[in-house]
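# A closer look at the structure
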Amino acid sequence: GSGILDLVQEKHIGVILLDLTMPVISGKELLPLVKAEYPEIPVIIVTGDTDISTAVDCIKTGAFDYLVKPVKKSDLTASVKRAIEIQELKQENLSLKKHLFTQELDHPEAFSSIITRNETMRSMLMYVESVSLSGKTVLITGETGTGKELIAQAIHKVSGVKCDFIAVNVAGFEDSMFADTLFGHTRGSYTGAEQAREGLIEKARGGTLFLDEIGDLSQLSQVKLLRLLETFDYLPVGSDVPKRSDARIIVATNKNLLSLVESGSFRKDLYFRLITHHIEIPPLRERKDDLILLTEHFLNEAAADLGKKVPAYPPELITLLETYAFPGNVRELKAYIYDAVSSHKSGILSTESFRRAFGIKGMPQSKKKDQIVQFPDTLPTIKELTEILVAEALGRAKGNQTIAAQLLGISQPALNKRIKQRRV
């Protein structure tokens, strides 16, 4: 009995299959010993004993399940699968509780490429860490440029799998291209297939496969992805012999999958299969407290890449960035900073390239002539409305008149004139 318990500790066993009739020590004797020392490990009884009272005693002692021989392979597989799933949920729950109280990441090194001090982002990263070890499929959603692949890479690092992280963007893939890219093909499977090709799912064996933009998949490709997620089996193009995958699969999209389900373009069964672990990355406009960190990070990165000295920047740059909605999110911010650093000569970094870009794209006037603002029953005068607009613009620009004027679409002298009129 003690030898078996030592083995359990040494091997980090996930599930124990126990026969009640064994040499040296019986299963009836071993079950209470295992549950006393390792109550977290599920024990499945596999025995020829058909006595109901024995089954009841085993369940009372802590057995997870009781299977009577001869046991069908499907029943045994289902029982083990349920046991593992429940264990994973318990571990995830414990991890979330721990993060709730400690507010600390266990693997901060895995998130070194994600620059943030935002509370929503920190909570999201703790959830990411909690689900990383489960091995289940993870769905990552978020707007373009929010860093979905960075989160996928973090999951790969935390999970501790030894093999590669393989990423592919499946947007625009026809079904035949999707199947060939993911599952590979056999020699002669179609005209031009002179050699067998290994698919990405095979290249990711023992590692992680990241599929980006899965909201664009055709219905046929969705069926193939669903089968892979449910059975871990796939068929290379031209083969009728299924292969088995052990790769962790992470998927991402910038689309609203629920809306696609409601419109009928995305399968409901695949959607519910994917949302077990769902990570939603907030857009940059909802984490503006990260702007200064990200700006300094990209300034350093751009200077190193371009072989320049890291430029200083005026305080008004951060204020200017805070007025912009960043539809392209962090990726867009990085592009603007690289552009500014590439044209930087000396002294303090110019904000001109940012103003130019924001003036064109960032602060457009609404093309709709109605319902830009909601008016009260009694209309304000033009003077009153102008004063309200000026005050709002100055507030958003933190008193910077150049930025406020740009927000209002007028020149700085014209704004200065209106400010003086307010003071009269």
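Residues numbered from 1 in each chain as written. Predicted model: local features only at pLDDT ≥ 70, side-chain atom pairs only at ≥ 80, totals over all residues. Heavy atoms only, no water.

### Remarks on the packing of helix α16 (residues 382–396) against helix α17 (residues 401–408)
- Axis separation between α16 and α17 bottoms out at 8 Å; the angle between their running directions is 125 degrees. Taken together, the axes of α16 and α17 are oblique relative to one another. Here α16 runs over α17; the crossing is right-handed. Between α16 and α17, the residues in contact are L389, V390, A393, L394 and R396 and Q401, A404, L407 and L408, respectively.
- Broken down by class, the residue content of the contact of α16 with α17 amounts to seven nonpolar, one polar and one charged. (Axes fitted to C-alpha atoms, helices over the stretch in contact; angles between N-to-C directions. Helix = DSSP H or I, 4+ residues; strand = E, 2+ residues; numbered from the N terminus. Parallel < 35°, antiparallel > 145°, perpendicular 65-115°, else oblique. Left-handed = near helix turned anticlockwise from the far one by under 90°. Contact = heavy atoms within 4.5 Å. Nonpolar A, V, L, I, M, F, W, Y, C, P; charged D, E, K, R; others polar.)

### Focus: the nonpolar core
- One finds L321, F326, L333, F354 and F358 to be the most contacted residues of the largest nonpolar core, which totals 33 residues.
- At the level of secondary structure, the elements contributing two or more residues to this core comprise α12 (291–306), α13 (316–322), α14 (329–342), α15 (352–362), α16, α17 and α18 (412–423).
- Looking at this core element by element, the count peaks at seven residues for α14.
- Apart from the residues lying within four places of it in its own chain, the contact partners of F326 are L284, R285, L291, L321, E332, L333, Y336 and F358.
- By size, the runner-up hydrophobic cluster in this structure holds 31 residues, among which are L139, L182, L200 and L260. (Core = buried A, V, L, I, M, F, W, Y, C linked by side-chain atoms within 4.5 Å. Buried < 20%, exposed > 50% of the residue type's maximum accessible area, 1.4 Å probe, protein only.)

### Re the side chain of E213
- Inspection of the secondary structure assignment puts E213 in the loop between β8 (208–212) and α9 (219–231).
- Look at E213: it is buried, it has no salt bridge, and the nearest opposite charge is K148 at 4.7 Å. (Lys, Arg positive; Asp, Glu negative; His and termini not counted. Salt bridge = Lys/Arg side-chain N within 4 Å of Asp/Glu carboxyl O.)

### Quick word on the pairing of strand β3 (residues 65–68)
- In the sheet, strand β2 (residues 43–47) pairs with β3 via four bridges, with the strands oriented parallel. For V46, the partnering residue across the bridge sits in β3 and is L67.
- Handedness of the crossover joining β2 and β3 through helix α3 (residues 52–61): right-handed. (Pairing = 2+ DSSP bridges. Right-handed = clockwise from strand over helix to strand, strands pointing away.)

### Considerations on the layout of surface pockets
- Here the second largest pocket is characterised by a volume of approximately 720 Å³.
- Contributing to the lining of the second largest pocket are 29 residues, with E88, S134, G135, K136 and F232 lying nearest its centre.
- Residue assignment for the lining of the second largest pocket shows that the elements contributing at least two residues are α4 (73–102), α9 and β11 (248–253).
- For the lining of the second largest pocket, the class distribution of residues is nine nonpolar, eleven polar and nine charged. (1 Å grid on protein atoms, 1.4 Å probe; cavity = no way out; pocket = protein on both sides within 12 Å on 5 of 7 lines; lining within 4 Å. Points joined across faces, edges and corners; volume = space filled by probe spheres on them.)

### Observations concerning unusual backbone geometry
- The linkage connecting K69 with the following residue, P70, adopts the cis geometry, with an omega of -5 degrees.
- For P70, the position within the fold is in the loop between β3 and α4.
- Located in the positive-phi region is F326, a residue other than glycine, with phi close to 50 degrees.
- Looking at the secondary structure, you find F326 in the loop between α13 and α14.
- For N329, which is not a glycine, the phi torsion comes out positive at approximately 60 degrees.
- If you trace the backbone, N329 turns up in helix α14.
- In this structure N329 comes out as buried when scored by relative accessible area, which is 0%.

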